[in-house]
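If you want the building blocks of each chain, they are given just below.
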Amino acid sequence: MKKIFYLIILLLISVQISSAHVGSSGVLLQGQAGPYKVLIDITPPEVIPGTASITVFVENGDPQKVLARPITFRFGSQGAPSADEIHAVAGQPGQFQGVVWLMQSGSSSVQIEISGKEGKGEFIVPVVAVSTAKGVMPKGLGFGLSLLGVLLFLLMVTAIGASVSDGLMRPGEVLSSRQKRKRWMNMGIATVVCALILYGGSSWWNSWAARYNRNIYKPLKGNSSISNEDGQRIFQLKIDTTNWEEKKRGSMLSTLIPDHGKLMHVFLVRTPGLDAFAHIHPERKDSVTYQAYLPNLPAGKYLMYADVVQYSGFAETIVDTLEIPDPAVQGNEIKKTAEEDTYVVTDAINAPGKIPLDENVVICGKPGTKTVFKDSSYAVWEGKPDKPLEAGKPYLLNFEIFNPDGTPTFPEPYLGMMGHVAVLRSDGSVYIHLHPSGTFAMAAEQTLKNRLTDTTKIMQRPSPAIFRDSIDRYMAKLKAMSTIEREELLMTEMGMYKQNETGGMNAMDHSNRISFPYSFPKSGRYRIFLQVKRNGQVLTGAFDVRVNDIAKI
């Protein structure tokens with residue numbers, strides 16, 4: 001019955017919101033599933049329970065069968081259903097499409113298993129399964145259904161009345177006064193009974209609708225601000241816990257886990273020009289308060305996006321806007337909370353090339369062009385110059401990194417990855433933090449991989465105090481490490497190192513080229529901030545691109 005209810009809602013649905021990474025609810029990733037290199041695109045449903053659409057592109061070999069199985073963090077592999085086959089697309093070699101049902105809200109994943117002549121391989125794809133849409137019935141459909149309902153009601157009452165009067169008459173007979181009273185009496189009883197049935201059905205429907213409304217995903221909220229301390233500007237984010245119990249958030253703030261070695265990643269982008277950008281990592285002061293020294297950003301109004309990951313792998317983004325004032329004291333040495341904190345100033349998205357050059361200023365590029373970093377090395381975005389991309393189409397955003405003399409340079413690990421990208425739409429309605437692996441948090445992937453090997457049938461919540469203490473000790477250990485030790489540990493934890501034949505650890509394969517899989521969710525103007533590390537410095541470049549709605553044939 002529950003499925004029927006949600007299916008009815010799906011039929012009546014109109015999309016209102018989409019959350020998770022802010023505007024990009026799907027998951028797109030590129031990786032290695034055993035002997036097969038794959039690109040996987042998953043679009044989760046807007047209502048849970050619902051079906052997630054899956055497309056798998058196998059880029060090499062001869063895959064013959066692809067299976068998909070949903071696995072939730074709470075119930076693990078032991079409580080997961082059997083896998084469903086997703087089928088090859090006719091005329092598209094290596095492409096498979098299908099659906100899986102996501103029955104539980106929360107942190108979930110889809111296990112993809114590929115078999116073929118080269119052997120078997122599998123991949124775990126983290127998926128945030130939440131209801132994000134609320135249906136609104138079209139007025140015309142509502143009027144038509146109401147009219148049909150009234151007609152059925154009258155027919156039911158009339159039929160019951162006739163069944164004890166006219167229906168018992170022989171041809172030519174006339175109703176007696178007694179039969180007429182009996183007919184009206186039965187019609188009255190039928191009216192009351194039908195009305196009670198309708199009232200009961202309406203109450204049941206309203207209770208389910210209210211329950212659904214309560215369970216629609218509501219993003220975390222927070223209030224960001226800037227304060228001054230000894231001439232230093234301090235960024236602070238306080239997470240809003242208003243009505244926390246009603247939202248069933250519990251003690252989730254004590255069970256956050258680090259992603260790339262940081263409990264929180266904050267991106268600040270000046271609006272409306274998107275011409276100043278910072279990526280900082282506030283530290284936890286108490287359960288709801290995070291602080292970091294602010295880089296030398298110019299004053300203005302900023303969009304703020306803060307990424308956190310729960311112990312279950314459920315990733316969330318807190319969104320806010322804040323006014324950043326000029327420094328109270330000019331010329332002071334700027335302190336850093338984390339050595340990876342960085343910023344850049346570039347030209348406005350609507351006024352390219354009109355900015356005075358300074359130490360942290362770069363000129364924005366476009367597909368097919370280059371952006372020069374502040375140390376004179378540069379990145380080139382492989383693409384067709386001046387040709388807009390298409391919304392909803394999966395792309396590999398390929399960047400090549402070069403030394404100032406034009407020779408290729410290999411980026412150094414930066415928070416355990418070869419590069420990071422933040423994508424923003426000009427109005428701030430789309431934001432996502434990408435890695436070469438895809439559009440999901442690496443911490444979420446690792447958590448769900450570990451859950452797959454855990455035989456616990458139902459995962460219980462950890463003790464908040466004990467969990468938080470263990471995370472604080474881990475963060476202190478990371479902070480005490482040298483940069484090289486920390487990067488090696490992070491890459492090892494995220495599986496970015498490969499074992500060689502002797503069991504030793506080799507650095508992952510990489511070159512001067514970095515690819516980020518992404519599908520722009522809607523048309524508009526976008527700015528892409530690319531971050532790499534070279535000679536121990538985090539370098540940030542910016543590229544602009546226009547995205548059009550997909551062309552209709």
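Since this is a predicted model, take the numbers as computed values, not measurements.

Participant: In this structure, what is going on with the packing of helix α5 (residues 464-480) against helix α6 (residues 483-493)? I would like to understand it.
Facilitator: For any two helices packed against each other, one specifies the inter-axial angle together with the distance between the axes. Contact geometry of α5 with α6 gives a least axis separation of 9 Å together with a crossing angle of 135 degrees. When the interaxial angle is binned, α5 and α6 end up oblique. Along its contact with α5, which presents Tyr474, Leu478 and Lys479, the element α6 presents Arg486, Leu489, Leu490 and Glu493.

Participant: Just to check I follow, could you spell out the packing of aromatic side chains for this structure?
Facilitator: For any pair of aromatic rings, the description rests on two quantities: the centre-to-centre distance and the angle between the ring planes. Evaluated as defined, the whole model comprises 15 aromatic pairs. Between the aromatic rings of Phe73 and Tyr311, the centroid separation amounts to 5.6 Å while the plane-to-plane angle is 85 degrees, which identifies the pairing as edge-to-face. With Phe73 in the loop between β4 (63-72) and β5 (84-88) and Tyr311 in the loop between β16 (300-310) and β17 (315-324), this pair connects stretches of sequence that are 238 residues apart. Counting every residue linked through ring pairs, the aromatic cluster contains Phe267, Phe277, Tyr305, Tyr431 and Phe529.

Participant: What is the right way to read the pairing of strand β24 (residues 420-425) from this model?
Facilitator: When a strand is regular, its side chains alternate between the sheet's two faces. Within β24, six of the six residues are buried, leaving the element largely enclosed by the surrounding structure. Of the two faces of β24, the one lined by His420, Ala422 and Leu424 and the one lined by Val421, Val423 and Arg425 are each fully buried. By the bridge criterion, six bridges tie β24 to strand β29 (residues 524-534) in an arrangement that is antiparallel. Considered in β29, the bridge of Ala422 is made with Phe529. Of the pairings in the sheet, the one linking β24 to strand β25 (residues 431-434) comprises four bridges and is antiparallel in character. For Leu424, the partnering residue across the bridge sits in β25 and is Tyr431.

Participant: Sorry, what's going on with the sheet that holds strand β14 (residues 283-284) here?
Facilitator: The strands making up a sheet associate through backbone hydrogen bonding, with each pair oriented either parallel or antiparallel. Taking strand neighbours across the sheet as the criterion, the four strands line up as β9-β10-β15-β14 in an open arrangement whose pairing is antiparallel. Each end of this open sheet is capped by a strand with a single partner; those strands are β9 (221-229) and β14.

Participant: Even after reading the chapter, I still don't get the UniProt feature "transmembrane region" (unreviewed entry) in the protein, so can you show me in this structure?
Facilitator: When the UniProt feature table is mapped onto this chain, "transmembrane region" (unreviewed entry) is found at residues 141-164 and 184-205. As annotated, residues 141-164 comprises 96% helix and 0% strand, and the C-alpha atoms at either end are separated by 35 Å.

Participant: Where do I start with helix α2 (residues 139-163) in this structure?
Facilitator: Because each turn of an α-helix spans 3.6 residues, side chains separated by three or four positions in sequence point in the same direction. Taking 1.5 Å of rise per residue, 25 residues should cover 36 Å, and α2 covers 36 Å from first to last C-alpha, within 8% of that figure. Three or more residues of α2 are buried, namely Gly142, Val157 and Gly161.

Participant: Would you mind going over unusual backbone geometry with me for this structure?
Facilitator: For residues other than glycine, phi is negative in most cases, and the peptide bonds are mostly trans. Geometrically, the link from Ile48 to Pro49 is a cis peptide bond, its omega value of 0 degrees lying close to zero. Assignment of secondary structure puts Pro49 in the loop between β2 (36-43) and β3 (50-58). For the peptide bond that leads from Thr271 to Pro272, omega is 10 degrees, which places it in the cis range. The topology assignment puts Pro272 in the loop between β12 (265-270) and β13 (276-280). With a phi close to 55 degrees, Asp230 is a non-glycine residue in the positive phi region. Inspection of the secondary structure assignment puts Asp230 in the loop between β9 and β10 (232-240).

Participant: Just to check I follow, could you spell out the side chain of Ser515 for this structure?
Facilitator: Among the secondary structure elements, Ser515 is positioned in strand β28 (residues 513-518). The class of Ser515 is buried, set by a relative accessible area of 18%. Within the structure, Ser515 has its side chain in polar contact with the side chain of Asn398 (distance 2.4 Å). Other than its neighbours up to four places away in sequence, Ser515 contacts Gln30, Leu397, Asn398 and Pro436.

The rules we used
- Residues numbered from 1 in each chain as written.
- Predicted model: local features only at pLDDT ≥ 70, side-chain atom pairs only at ≥ 80, totals over all residues.
- Heavy atoms only, no water.
- Axes fitted to C-alpha atoms, helices over the stretch in contact; angles between N-to-C directions.
- Helix = DSSP H or I, 4+ residues; strand = E, 2+ residues; numbered from the N terminus.
- Parallel < 35°, antiparallel > 145°, perpendicular 65-115°, else oblique.
- Contact = heavy atoms within 4.5 Å.
- Phe/Tyr/Trp six-rings, centres within 6.5 Å; stacked < 30°, edge-to-face > 60°.
- Buried < 20%, exposed > 50% of the residue type's maximum accessible area, 1.4 Å probe, protein only.
- Pairing = 2+ DSSP bridges.
- UniProt positions renumbered as here; feature names shortened; annotations may be inferred.
- Expected span 1.5 Å × (residues − 1).
- Polar contact = N/O pair within 3.5 Å; in protein donor to acceptor, adjacent residues only side chain to side chain.

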